[in-house]
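# Descriptive analysis of the structure
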Amino acid sequence: MAEQSVPHSRPLSHFAAALPFWLSLALVPLVWVGAVQGGWWVLLPVAATWYLFSALDAALGLNLDNADPQTGEDQLFWYKLVTLVWVPLQFVSLFGLIWYMGRAEHLTGWERFGVFFGTGVMTGTIGINYAHELMHQKNRLERGLADLLLAMVLYSHFRSEHLLVHHRYVGTPRDPVTARYNEGFHRFYPRVLRQSLASAFRAEAAMLARRGRAWHHLSNPFWKYAALQLLMLALAFGLGGWTGLLFFVVQAGVAIWQLELVNYVEHYGLTRKYLGDGKYEHVLPRHSWNAAHTASNWLLINLQRHSDHHYKPDRRFPLLQTYPDREAPQLPYGYPVMTMAAMVPPLWRRLMNPRVRQWRRTYYPEITDWTPYNTAQVPGEDARQGG
């Protein structure tokens with residue numbers, strides 16, 4: 001598959017080229033303003049991530065430029081740095097807020113919840129997303145930082161599930177995270193919470209078994225996950241008592257909800273063709289929804305160029321390519337709008353089901369029975385079309 005890069009107005013190595021991706025850091029002062037001022041100010045993080053960036057998408061349109069995918073690591077310093085500095089910034093902000101909220105007597109119960117919620121928007125929209133970028137890197141430092149970010153939202157197993165299960169089995173019945181056609185988010189969410197934890201543990205246990213080790217061997221990362229999460233919970237309790245612990249758990253829940261909303265959107269209704277003998281076609285850009293919206297890709301460090309991420313998982317975010325609609329299905333809006341739509345199943349189905357059906361007609365006209373794909377079943381050999 002040919003990849004065409006479009007020259008940027010500034011070289012990638014310049015800070016000015018990377019600067020839009022640093023806008024995410026503005027969420028930290030927005031959360032603090034809400035905590036200090038109370039009132040409607042607690043809604044600032046939500047207003048910025050969901051509404052402001054949606055408005056900017058509408059104003060700025062699509063960014064169809066592609067950087068040269070062969071750009072060297074030495075040219076990406078400012079892009080890598082934003083994901084690295086976020087980790088200590090989030091740690092200090094999160095636990096600083098937990099300490100502060102235990103002493104913020106000026107806030108009502110609803111205002112406190114608003115701060116908790118806004119913090120979860122920060123640790124989910126930015127924190128988990130940056131953890132996703134870091135976990136895909138090969139060096140221990142970045143993977144370790146990803147583990148810290150995930151422990152701050154009590155979702156450490158996401159690393160195992162994402163790397164060992166999701167990327168390997170996306171678009172097949174073995175991937176819990178691929179949302180099925182006509183599956184509303186209210187059904188997807190409890191299913192994925194249950195199944196992804198189990199599938200992540202099974203994947204790690206299987207890796208250990210291949211090395212002749214039991215599942216409880218100390219090299220199982222689930223021990224590390226548990227230790228880090230317990231440390232985070234203990235720190236929250238130490239700084240803020242039961243209120244601090246509640247704050248920590250609520251923001252983690254909001255962050256997880258944000259992540260799974262995005263997961264729901266990314267592959268909704270898209271399946272890989274079954275080839276028989278337990279095999280599926282290779283992952284292609286067509287198996288993820290692509291979105292080239294400018295501002296929300298700044299906020300989410302190009303996560304919406306998801307078609308390329310699955311096609312080339314080791315690419316750093318500034319090098320991810322966008323694809324035309326003849327190669328990858330396109331979302332009508334960026335993730336902020338799409339995740340809001342996902343919370344309203346009738347609206348979601350009206351928006352997305354026709355697009356899924358068109359995708360099927362475009363890429364797989366030979367398949368006439370989509371029932372097993374809709375229900376996450378393996379198509380029977382006699383039902384396989386165009387094998």
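Residues numbered from 1 in each chain as written. Predicted model: local features only at pLDDT ≥ 70, side-chain atom pairs only at ≥ 80, totals over all residues. Heavy atoms only, no water.

## Brief notes about unusual backbone geometry
Rule in force here: Three exposure classes are used, based on accessible area relative to the maximum for each residue type with a 1.4 Å probe and protein chains only: buried under 20%, partly exposed in between, and exposed over 50%. Secondary structure elements are taken from DSSP: a helix is a run of H or I of four residues or more, a strand is a run of E of two residues or more, and numbering for both begins at the N terminus.
Of note, the phi angle at D277 is positive, near 55°, even though the residue is not glycine. Classification of D277 by relative accessible area gives exposed; the value is 69%. Although it is not a glycine, N302 adopts a positive phi angle of roughly 65°. Mapped onto the elements, N302 comes out in the loop between α10 (294-299) and α11 (306-311).

## With respect to the confidence of the model for the protein
Low pLDDT marks regions whose predicted coordinates should not be analysed in detail. Note the following rule: The predictor attaches a confidence to each residue, called pLDDT, with possible values from 0 through 100. Every residue pair with non-hydrogen atoms within 4.5 Å of one another is taken to be in contact.
Within the protein, residue pLDDT values average 94, and 96% of them lie at 70 or more. Confidence, expressed as mean pLDDT per element, reaches its minimum in the protein at helix α1 (residues 15-18) with 93 and its maximum at helix α12 (residues 335-342) with 98. Here residues 1-9 is a poorly scored stretch, pLDDT under 50, and it has 23 contacts once near neighbours within four places are set aside; other chains count. Note that residues 382-387 has pLDDT below 50 and, in this model, nine contacts with residues that lie over four places away or in other chains.

## Notes on the packing of aromatic side chains
Operational definition: Any two rings among Phe, Tyr and Trp, with Trp reduced to its six-membered ring, count as a pair given centres within 6.5 Å; such a pair is stacked if its planes are under 30 degrees apart, edge-to-face if over 60, and tilted if neither.
With the rule as written, the count across this model stands at 35 aromatic pairs. Where W86 meets Y130, the ring centres are 5.9 Å apart and the plane angle is 70°; that geometry is what we call edge-to-face. Residue W86 is found in helix α4 (residues 77-101), and its partner Y130 is found in helix α5 (residues 109-135); the two are separated by 44 residues along the sequence. Considered together, W86 and Y130 belong to a single accessibility category, that of buried residues. Ring geometry for F117 and W257: centres 5.9 Å apart, planes at 55°, overall tilted. Here F117, found in helix α5, pairs with W257, found in helix α9 (residues 221-267); they are 140 residues apart in sequence, far enough to count as distant.

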